[in-house]
Amino acid sequence: MGRIIAFANQKGGVGKTTTAVNAAACLGSLGFDTLLIDLDPQGSATSGVGIRKKGLRFTVRDLLVGGCRAEDAVLPTNYPKLHLIPANVSLAGAEFDLLAGEGDEAHLKNALADIRYRYDYIIIDCPPSLGMLTVNALAASDGVVIPMQCEYYALEGLTQLSTTLGHIKKKYNPRLSMTGILLTMHNKRLALSLQVKSELEKHYGDRVFTTTIGRNVRLSEAPSFGKPIIYYDKRAKGAEDYMNFARELHDRA
């Protein structure tokens, strides 16, 4: 049965989608059958693996509120062992459709029940908010990875997110755990990066991934070509970082 891992942070611009896309691609390259679910109305994970957002027959919105079967929404990608359930701007309306009624947090969990056995990993790219889409992702997941930029504002947001995780674990999903915190846009030469990493390790211990993701021009370029970094430039430092992260994630998951 596939391990479901949500990539979540209510703060935007932390490398969440970049991390979800590249982690999924690297896991696929390592031989693991992997499903990437784009749960962000911006659809960046969809375009990040080379799938056009226009003209899609089914999207994750249909899965959540349209009665679509998960197997019908899954698309192949051009990358080994990597499949996708796509998203586009139509997903924005799903927040209103997912009313706060009984069981509405479980739509995604129920939808994935029939297909999770087909995959080793199911990676969910959450939107930069703590609304019903993210609640659905966390209620369906075994673990959550928190990508986090190396700055002090991010530390403040982490406290809020940790509180939300505790609430969802208690109310909806007792098996949910924090898989780990991943530092992105990390620069070992900057004192601030080192201070933030030290502060995180002080409070969260080994839940902070040993791997960090550095700033990398090639990594920033890859999404515009619809390619994960390992297929855009496998020699780039970003490719090395994400392969190391995928291996560490597998060891933890």
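For the structure, check the block above.
The shown structure was predicted, so the numbers you read here are calculated from the model rather than taken from an experiment.

## What to know about the overall build of the protein chain
Scanning the protein chain for helices and strands turns up 12 helices and eight strands. For a compact globule of 253 residues, the expected C-alpha radius of gyration is about 18 Å, and the protein chain comes in at 17 Å, within 12% of that figure. Along the three orthogonal principal directions, the C-alpha set of the protein chain runs to about 50 × 40 × 30 Å. Considering the protein chain as a whole, with its 253 residues, one finds that 55% of them fall into the buried category. Of the contacts made within the protein chain by residues no fewer than 6 positions apart, 79% connect residues no fewer than 24 positions apart.

## Remarks on the pairing of strand β1 (residues 3-7)
Among the five residues that make up β1, four are buried, leaving the element largely enclosed by the rest of the structure. Here β1 runs beside strand β5 (residues 121-125); their pairing, made up of five bridges, is parallel. Note that in β5 the partner of A6 across the bridge is I124. As judged from the three bridges shared by β1 and strand β6 (residues 143-149), these two strands associate in the parallel manner. Within β6, the position partnered with I5 by the bridge is G143.

## A few points about the packing of aromatic side chains
Under the criterion given, the structure shown has six aromatic pairs. Both rings, one in F32 and one in Y121, keep their centres 5.6 Å apart while their planes meet at 90°; by these two values the pair is edge-to-face. Pair noted here: F32 is in the loop between α1 (16-29) and β2 (34-38) and Y121 is in strand β5, with a separation of 89 residues, a long-range link. Centroid distance Y79 to Y231: 4.8 Å. Interplanar angle 20°. Geometry classified as stacked. Note that Y79 is positioned in the loop between β3 (75-76) and β4 (82-85) and Y231 in helix α11 (residues 229-232), a separation of 152 residues in sequence.

## A look at the environment of A20
Mapped onto the fold, A20 is located in helix α1. Relative accessible area serves as the criterion here: at 0%, A20 is assigned to the buried category. Spatially, the C-alpha atom of A20 lies 6.3 Å from that of F7, the residues being 13 residues apart in sequence.

## Points about the sheet that holds β3
The sheet built from eight strands is open, its strands ordered β3-β4-β2-β5-β1-β6-β7-β8 with mixed pairing. Where the open sheet ends on each side, the last strands, each with one partner, are β3 and β8 (208-214). As judged from the five bridges shared by β2 and β5, these two strands associate in the parallel manner. Bridged to I37 within β5 is I124. Contacts between α1 and the sheet are confined to β1, β2, β4, β5, β6 and β7 (177-186), with β5 contributing the most and set at about 165° to the helix.

## Considerations on the layout of surface pockets
Space inside the largest pocket adds up to approximately 300 Å³. If you go around the largest pocket, you meet 22 residues; those closest to its centre are G15, K16, T17, T18 and S44. Counting residues per element, the ones that place at least two in the lining of the largest pocket are α1 and α2 (44-48). Of the residues contributing to the lining of the largest pocket, the split by class is eight nonpolar, 10 polar and four charged.

What counts and how
- Residues numbered from 1 in each chain as written.
- Predicted model: local features only at pLDDT ≥ 70, side-chain atom pairs only at ≥ 80, totals over all residues.
- Heavy atoms only, no water.
- Helix = DSSP H or I, 4+ residues; strand = E, 2+ residues; numbered from the N terminus.
- Rg over C-alpha atoms; globule rule 2.2 N^0.38 Å.
- Buried < 20%, exposed > 50% of the residue type's maximum accessible area, 1.4 Å probe, protein only.
- Contact = heavy atoms within 4.5 Å.
- Pairing = 2+ DSSP bridges.
- Phe/Tyr/Trp six-rings, centres within 6.5 Å; stacked < 30°, edge-to-face > 60°.
- Axes fitted to C-alpha atoms, helices over the stretch in contact; angles between N-to-C directions.
- 1 Å grid on protein atoms, 1.4 Å probe; cavity = no way out; pocket = protein on both sides within 12 Å on 5 of 7 lines; lining within 4 Å.
- Points joined across faces, edges and corners; volume = space filled by probe spheres on them.
- Nonpolar A, V, L, I, M, F, W, Y, C, P; charged D, E, K, R; others polar.

By themselves, these figures tell us nothing about what the structure is for.
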